[in-house]
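Spelled out from the first residue to the last, the chains are:
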2 protein chains.
Amino acid sequence: MAAATGLTRATVSALVDDLVTGALLTEREPAPRTGAGRPAVGLVVAPDGPAGLGLEINVDYRGACVVDLAGTIRHRLVEPGDQRLQDPQTVLEGLGRLAARARALAEADGLTVAGAVLAVPGLVAADGVVRIAPNLGWQDVTVGDLPDGLAMTVDNEANLAALGERDLGELPHDFVYVSGEIGIGAGIVLGGALYRGSRGWSGEIGHIPIHSDGPACRCGARGCLEQYAGQEAVLRAAGVDTVGALARAATAGKPDALAALTAAGAALGMAVATVVNLLDVRTIVLGGSYASLLPWLREGIAAEAGRRVLTAAWSPVQLRAATLGPDAAMLGAAGSVLRGVLDDPAAWLARRP
Amino acid sequence: MAAATGLTRATVSALVDDLVTGALLTEREPAPRTGAGRPAVGLVVAPDGPAGLGLEINVDYRGACVVDLAGTIRHRLVEPGDQRLQDPQTVLEGLGRLAARARALAEADGLTVAGAVLAVPGLVAADGVVRIAPNLGWQDVTVGDLPDGLAMTVDNEANLAALGERDLGELPHDFVYVSGEIGIGAGIVLGGALYRGSRGWSGEIGHIPIHSDGPACRCGARGCLEQYAGQEAVLRAAGVDTVGALARAATAGKPDALAALTAAGAALGMAVATVVNLLDVRTIVLGGSYASLLPWLREGIAAEAGRRVLTAAWSPVQLRAATLGPDAAMLGAAGSVLRGVLDDPAAWLARRP
């Protein structure tokens with residue numbers, strides 16, 4: 001480490017001591033001797049140090065996960081259920097109980113939860129107020145800290161999922177993550193950084209018009225992408241109840257399921273073409289339920305994108321399934337807590353008990 | 001100047017001497033004495049120093065302009081004519097002659113042309129090759145320097161126009177410039193900087209689909225915005241030949257003209273809503289022929305944007321007519337030469353004859 005950084009061995013030792021004391025690093029057995037001098041101590045990221053609590057409220061479930069500094073998912077709790085049937089405060093109270101359970105599990109493992117980030121399918125203002133989440137029916141909902149006093153910040157679910165995918169380190173510097181749930185959102189990553197927009201409200205791909213006079217959307221307009229490729233629209237067209245049932249029906253070659261997915265793919269392809277033509281981003285990552293449905297969506301998306309993207313002839317759009325699966329937003333939320341720790345380890349060391 | 005910069009009077013004098021010698025600054029009469037000490041010499045940006053040569057090839061004209069360091073348009077030459085009737089090399093030769101005339105006029109004024117930038121309605125690769133300009137029918141056209149040896153770089157017309165509008169200093173840090181010619185392009189300015197995209201091909205707003213199975217577009221797809229709000233589509237619908245005639249017919253309340261502009265405004269509003277929903281940019285600047293037609297387009301754009309932009313209820317989209325008018329791209333091109341001089345004045349001073 002001294003060689004790699006150009007610092008002296010003594011300085012590195014002192015810094016490492018701080019990180020070990022702060023439970024960010026852990027020593028392990030020395031590596032086998034390979035040369036002269038004292039054997040170097042092995043160091044690994046601490047599995048019992050700080051943890052990130054990732055939370056999510058989406059239309060048909062709420063969830064919590066605990067991720068440690070090594071990136072391991074230590075706990076995952078998901079409560080399915082239509083969140084539109086309760087008012088926002090009741091939903092947030094339920095989330096608080098779920099978060100407390102997850103935190104208790106983390107502490108039982110010896111982890112310290114460093115903070116919580118909540119993913120919501122809506123537009124979040126700089127002051128943490130959810131300005132609008134059309135599919136939840138939320139408007140101007142203030143989300144404070146958790147009931148047990150743990151600091152919680154709120155962010156858009158597609159943004160958090162995009163950050164989670166980015167941090168896996170396998171994507172190009174520019175990509176757009178498209179989250180396919182009941183609503184459809186996008187997280188735009190440009191030059192490796194999340195592009196949030198001038199007020200934090202970028203990425204509302206779900207409201208790109210597909211047919212100007214199409215079905216009414218929850219946003220108040222007509223013919224938005226969500227009415228053609230949102231989960232409820234696709235399940236209804238396929239005559240099934242769940243994404244799992246849709247995938248099984250498609251695998252079995254059921255015509256209704258295949259037709260529903262083809263139509264959704266074409267609508268999604270129109271929106272993807274618009275995103276690529278506007279932003280000149282070559283890679284589109286399909287997440288949420290789209291990740292598992294991509295085999296049947298791909299052809300429709302690629303056909304529309306191939307026809308509509310000006311650069312498609314010499315630079316076809318790359319479609320990739322999200323790696324983190326349907327939990328991407330929640331995992332990205334936990335990751336964003338941990339990024340905070342890593343960006344400022346001194347702050348973490350200072351507040352450790 | 002010494003007070004403002006914290007440099008000594010002697011250093012400022014030496015630097016100013018260089019800039020005066022290099023014809024970037026000119027001394028003028030001392031200001032009236034207002035205090036003790038020697039009166040300070042007045043300095044203005046030199047009107048006879050470097051000039052930028054802005055060039056443009058668009059579908060129905062080509063043009064050249066000379067702009068001096070004070071921002072004054074010293075010469076403007078425009079040759080109307082359908083550029084699709086000649087092959088690219090013949091068009092570029094014609095442009096070379098126009099550029100030589102403009103340069104001669106500049107030199108007769110005592111100006112030194114510092115370089116040339118050419119605006120084209122197409123996608124320009126990093127190596128200066130015009131990959132595709134659908135409305136010109138160009139594909140993979142290499143544009144070299146001018147025949148007289150003057151260095152020329154090529155850029156997208158909407159990008160250059162957006163930079164020109166930005167440099168007037170009256171727009172917010174985030175805006176999208178929409179250029180309405182026969183083609184429709186956009187220049188995206190985020191945080192005060194032009195967002196070019198991952199390969200320089202951002203802003204292709206003209207190919208946002210308005211109706212998936214609408215009229216065939218020159219890009220090969222169907223139902224693109226250009227087929228609803230491009231200049232040819234609007235003039236055809238209004239039954240007039242020129243943008244001037246369209247504005248006169250609309251002023252006179254001719255129903256065909258008003259209906260054509262209303263329909264174009266609605267299509268444009270759908271595209272603007274998509275841009276705002278994706279990028280969270282609040283200000284849209286309408287340029288090209290849209291600048292003069294905005295009075296009749298505004299209502300249609302605002303109605304669709306009001307209905308479709310998720311944030312419209314609390315943050316309506318701001319629509320502004322471009323200040324630079326139909327010459328914006330050409331002026332932005334000239335300005336971009338001058339920005340090069342100002343960004344590196346030492347390089348300019350070194351190469352001065």
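Residues numbered from 1 in each chain as written. Chains lettered and ligands numbered in written order. Predicted model: local features only at pLDDT ≥ 70, side-chain atom pairs only at ≥ 80, totals over all residues. Heavy atoms only, no water.

## So, the sheet that holds strand β12 (residues 184–190) of chain B
Residue and element names in this part refer to chain B. Stated precisely, the cut-off is as follows: Any two strands are treated as partners once DSSP identifies two or more bridges connecting them. Starting at the N terminus, helices and strands are each numbered in turn, a helix being any DSSP run of H or I of at least four residues and a strand any DSSP run of E of at least two. Note on definitions: angles span 0 to 180 degrees between N-to-C directions of axes, and those axes are lines fitted to C-alpha atoms, for helices only across the stretch in contact.
Read from one edge to the other, the open sheet built from five strands follows the order β13-β12-β11-β14-β15, with strand pairing classed as mixed. Edge positions in the sheet fall to β13 (193–195) and β15 (318–321), since each has one partner strand and no second. Neighbour to neighbour, the strand axes of the sheet diverge by 30° on average, direction disregarded. The pairing of β12 with β13 spans three bridges and is classified as antiparallel. Note on β13: the bridge partner recorded for V189 is L194.

## Re the pattern of salt bridges
Residue and element names in this part refer to chain B. Quick reminder of the rule: A pair is scored as a salt bridge if a Lys or Arg side-chain nitrogen falls within 4 Å of a carboxyl oxygen belonging to Asp or Glu. Three exposure classes are used, based on accessible area relative to the maximum for each residue type with a 1.4 Å probe and protein chains only: buried under 20%, partly exposed in between, and exposed over 50%.
A full pass over the atoms with the stated rule returns 34 salt bridges over all chains. Put simply, R307 and E304 hold a salt bridge, and the shortest N to O gap is 2.9 Å. Linking R307 with E304, this pair stays in helix α9 (residues 289–308), spanning three residues, or about one helical turn. A relative accessible area of 42% places R307 in the partly exposed class.

## So, the packing of helix α7 (residues 243–251) of chain B against helix α8 (residues 255–279) of chain B
Angle between the axes and distance between the axes: these two values describe a pair of packed helices. Residues and elements named next belong to chain B. Defined as follows: Any angle between 65 and 115 degrees counts as roughly perpendicular, while under 35 counts as roughly parallel, over 145 as roughly antiparallel, and the rest as oblique. Contacts: residue pairs with any heavy atoms within 4.5 Å of one another. Side-chain classes are defined by residue name, with Ala, Val, Leu, Ile, Met, Phe, Trp, Tyr, Cys and Pro counting as nonpolar, Asp, Glu, Lys and Arg as charged, and the others, Gly among them, as polar.
α8 packs onto α7 with a crossing angle of 110° between their chain directions and a minimal axis gap of 7 Å. What the angle tells us is that α7 and α8 run roughly perpendicular. Mapping the contact onto sequence places L246, A249 and A250 in α7 and A257, L258 and L261 in α8. Tallied by class, the residues present in the contact of α7 with α8 amount to six nonpolar, no polar and no charged.

## Topic: the pairing of strand β5 (residues 73–80) of chain B
Residue and element names in this part refer to chain B. Sheet topology places strand β4 (residues 61–68) next to β5; seven bridges connect them, and they run antiparallel. Within the sheet, the bridge partner assigned to V66 lies in β5 and is H75. Count of turn residues in the β4/β5 antiparallel hairpin: four residues, of which G71 carries a positive phi of about 90°.

## Notes on the sheet that holds strand β11 (residues 175–180) of chain A
Residue and element names in this part refer to chain A. One open sheet accounts for five strands, arranged β13-β12-β11-β14-β15; its pairing is mixed. Sheet topology places β13 (193–195) and β15 (318–321) at the edges, where each strand pairs with a single neighbour. This sheet shows a mean twist of 30° between the axes of neighbouring strands, independent of strand direction. Along the sheet face, helix α8 (residues 255–279) touches β11, β12 (184–190) and β14 (283–288) and points at about 135° away from the line of β14.

## Quick notes on the packing of helix α7 (residues 243–251) of chain A against helix α9 (residues 289–308) of chain A
Residue and element names in this part refer to chain A. At a minimum axis distance of 10 Å, the contact between α7 and α9 shows a crossing angle of 10°. Overall, the two elements α7 and α9 adopt an arrangement that is roughly parallel. Together, V243, L246, A247, A250 and T251 of α7 and S289, S292, L293 and W296 of α9 make up the contact between the two elements. For the contact of α7 with α9, a count of residues per class yields six nonpolar, three polar and no charged.

## Topic: helix α3 (residues 88–108) of chain B
All names here are of chain B. Filter applied, for reference: Multiply 1.5 Å by the residue count of a helix minus one, and that product is the helix's expected span.
Between its terminal C-alpha atoms α3 stretches 30 Å, which fits the 30 Å expected from 21 residues at 1.5 Å a residue. Those residues of α3 that fall on the buried side of the exposure criterion are V91, L92, G94, L95, G96, L98, A99, A102, R103 and A106. The inward-facing, buried residues of α3 abut β3 (50–58), β4, β5, β6 (112–120), β9 (138–142) and β10 (152–156). One or two steps after α3, the chain reaches G110, where phi turns positive at roughly 85°.

## What to know about the interface of chain A and chain B
The following threshold applies: Summed over both partners, the accessible area (1.4 Å probe) lost when two parts come together is defined as the buried area. Any pair of nitrogen or oxygen atoms within 3.5 Å is treated as a polar contact; in protein, a donor-acceptor pairing is required on top of that, and neighbouring residues in sequence qualify only through side-chain atoms on both sides.
Chain A puts 43 residues into the contact, and the matching count from chain B is 43 residues. Taken over both partners, the interface formed by chain A and chain B buries close to 3,900 Å², and the fraction arising from carbon and sulfur atoms is 60%. Where chain A touches chain B, the interface holds two salt bridges. A salt bridge links D280(B) to R199(A), with the nearest nitrogen and oxygen atoms 2.7 Å apart. Taken together, the connections running from chain A to chain B amount to 22 residue pairs in polar contact (both at pLDDT 80 or more). Sorting the residues of the side of chain A that touches chain B by element identifies β8 (129–133), β12, α8 and α9 of chain A as the ones contributing at least two each.

## A few points about the pairing of strand β9 (residues 138–142) of chain A
All names here are of chain A. Two elements, β8 and β9, share four bridges in a ladder whose sense is antiparallel. Along β9, the bridge assignment pairs V129 with T142. Joining the antiparallel neighbours β8 and β9 is a turn of four residues, in which G137 adopts a positive phi near 75°.

## Concerning the relation of the copies chain A and chain B
So the rule is basically this: Only residues with pLDDT of at least 70 in both copies count here: their C-alpha atoms drive the least-squares fit that superposes the copies.
Once turned by 180° and shifted 0.1 Å along the axis, chain A lies on chain B with an RMSD of 0.0 Å. Here the two chains are linked by the operation of a two-fold rotation axis. Minimal C-alpha separation from the rotation axis in chain A is found for H211(A), amounting to 3.1 Å. A symmetric contact is evident, with 100% of the interface residues of chain A recurring at the interface of chain B.

## Observations concerning the packing of aromatic side chains
Selection criterion: Centre distance within 6.5 Å is the pairing criterion for rings of Phe, Tyr and Trp, where only the six-membered ring of Trp is used; planes under 30 degrees apart are then read as stacked, over 60 as edge-to-face, and the remainder as tilted.
According to the stated counting rule, one finds two aromatic pairs over all chains in the structure shown. Centroid distance W201(A) to W314(B): 5.4 Å. Interplanar angle 85°. Geometry classified as edge-to-face. Of this pair, W201(A) sits in the loop between β13 and α5 (226–229) while W314(B) sits in the loop between α9 and β15, placing the two residues on different chains. Relative accessible area serves as the criterion here: at 24%, W314(B) is assigned to the partly exposed category.

## Quick look at the domain arrangement of chain A
Residues and elements named next belong to chain A. Our working rule: Where each domain starts and ends follows an automatic or database-derived domain assignment.
As far as domains go, chain A holds domain 1 (2–34 + 41–45), domain 2 (50–162 + 328–351) and domain 3 (171–322). Distance between the C-alpha centres of domain 2 and domain 3: 25 Å. Taken together, the contact between domain 2 and domain 3 spans 19 residues of the former and 22 residues of the latter. With both sides pooled, the region where domain 2 packs onto domain 3 buries about 1,600 Å², and carbon together with sulfur makes up 49% of that total. When the buried area of domain 2 at its contact with domain 3 is split by residue, N135, N159 and A162 rank highest and sum to 31% of it. Summed over the shared surface of domain 2 and domain 3, the number is two salt bridges. Between D155 and R196 there is a salt bridge whose closest N-O contact spans 2.8 Å. In this structure, the connection of domain 2 to domain 3 is made through six residue pairs in polar contact (both at pLDDT 80 or more). Taken together, the elements giving at least two residues each to the side of domain 2 that touches domain 3 come down to β7 (123–124), β10 (152–156) and α4 (157–167). Take the side of domain 2 that touches domain 3: its biggest share by element is five residues, from α4. Here the side of domain 2 that touches domain 3 is composed, by residue class, of 10 nonpolar, four polar and five charged.

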